[in-house]
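Residues per chain are reported as follows:
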Amino acid sequence: MTEQPCPFCEIVAGRAPATVVADWPETFAIVPLNPVVDGHLLVIPKAHVTDFVADPATSATTMLRAADLAGGHPAGSMNLITSRGRAATQSVWHLHLVPRAEGDGLALPWYSGRGKRVAS
Ligand SMILES: [Zn+2]
């Protein structure tokens, strides 16, 4: 069985299409295939990394670029989200920058269902 090529590395290599909205020497930002709201972006390091722990300098640079993008965005509220590991729903490592608005229906913050314990 052949391993699936990393979709982001395919974009960096010019072998896959993408709507690139920002391009820096080490990082780029694209519109995801299925944006959850208008303005949803993915901020991705050009060097493939396993997750945000694998190369902290790359993680920091990617975060810096995401902060630059967010600072120039008209939405006052946004989520900057990433994940590590299968149980955390990680795919190929990247950051999600998601502009938010009151009543947009996106399911954050998380709710564990555990609630507060009441002393008896
Ligand atoms: Zn990759």
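Residues numbered from 1 in each chain as written. Predicted model: local features only at pLDDT ≥ 70, side-chain atom pairs only at ≥ 80, totals over all residues. Heavy atoms only, no water.

1. Regarding the coordination of the zinc ion
Quick note on the threshold: Only nitrogen, oxygen and sulfur atoms qualify as donors, provided they sit within 2.8 Å of the metal or within 3.2 Å for Na, K and Ca; with water excluded from the atoms, sites may seem incomplete. Residue burial is assigned from relative accessible area. The probe radius is 1.4 Å, only protein chains are included, and a residue is buried under 20% of its type maximum, exposed over 50%, and partly exposed in between.
Bound to the zinc ion are the protein donor atoms C6 (SG), C9 (SG) and H48 (ND1), situated 1.9 to 2.1 Å from the metal. Read in sequence order, the donor residues coordinating the zinc ion give the pattern C-x2-C-x38-H. Its relative accessible area of 27% is what places C9 among the partly exposed residues.

2. Things to note about the pattern of salt bridges
Rule in force here: Here, a salt bridge means any side-chain nitrogen of Lys or Arg that lies within 4 Å of a carboxyl oxygen of Asp or Glu.
The tally for this structure, following the rule as stated, stands at five salt bridges. A salt bridge links E10 to R15; the nearest nitrogen and oxygen atoms lie 3.0 Å apart. When its relative accessible area of 18% is taken as the criterion, E10 is described as buried. Here D23 and K46 are joined by a salt bridge, their closest N and O atoms 2.6 Å apart.

3. Thoughts on the sheet that holds strand β5 (residues 95–100)
The criterion, for reference: Only when DSSP finds a minimum of two bridges between them are two strands counted as paired. To qualify as a helix, a DSSP run of H or I must reach at least 4 residues; to qualify as a strand, a run of E must reach at least 2; elements of each kind are numbered from the N terminus. For helices, the fitted axis covers only the stretch in contact; all axes are lines through C-alpha atoms, and the angles between them, taken along N-to-C directions, range from 0 to 180 degrees.
As summarised here, the arrangement of the five strands in space is β1-β2-β3-β5-β4, forming an open sheet in which the pairing is antiparallel. The open sheet has two edge strands, β1 (20–23) and β4 (77–81), and neither has a second partner. In this sheet, neighbouring strand axes are inclined to one another by 20° on average, regardless of whether the strands run parallel or antiparallel. Across five bridges, the pairing between β4 and β5 is antiparallel.

4. Let's talk about the layout of surface pockets
Inclusion rule: Definitions used throughout: a 1 Å grid over protein atoms alone; a cavity as a set of points that fits a 1.4 Å probe which cannot get out; a pocket as an open set with protein on both sides within 12 Å along at least five of seven lines; a lining residue as one with an atom within 4 Å of a point. Grid points are joined across faces, edges and corners, and a volume is the space filled by probe spheres set on the points. Residues were grouped as follows: Ala, Val, Leu, Ile, Met, Phe, Trp, Tyr, Cys and Pro as nonpolar; Asp, Glu, Lys and Arg as charged; and all remaining residues, including Gly, as polar.
Of the volumes computed, that of the second largest pocket is approximately 320 Å³. Forming the walls of the second largest pocket are 15 residues, and the residues nearest its centre are F8, I30, P32, L33 and L42. It is helix α1 (residues 7–12) that provides the largest number of residues to the lining of the second largest pocket, a total of three residues. Grouping the constituent residues of the lining of the second largest pocket by class yields 11 nonpolar, four polar and no charged.

Remember, this is a structural readout, not a statement about activity or role.
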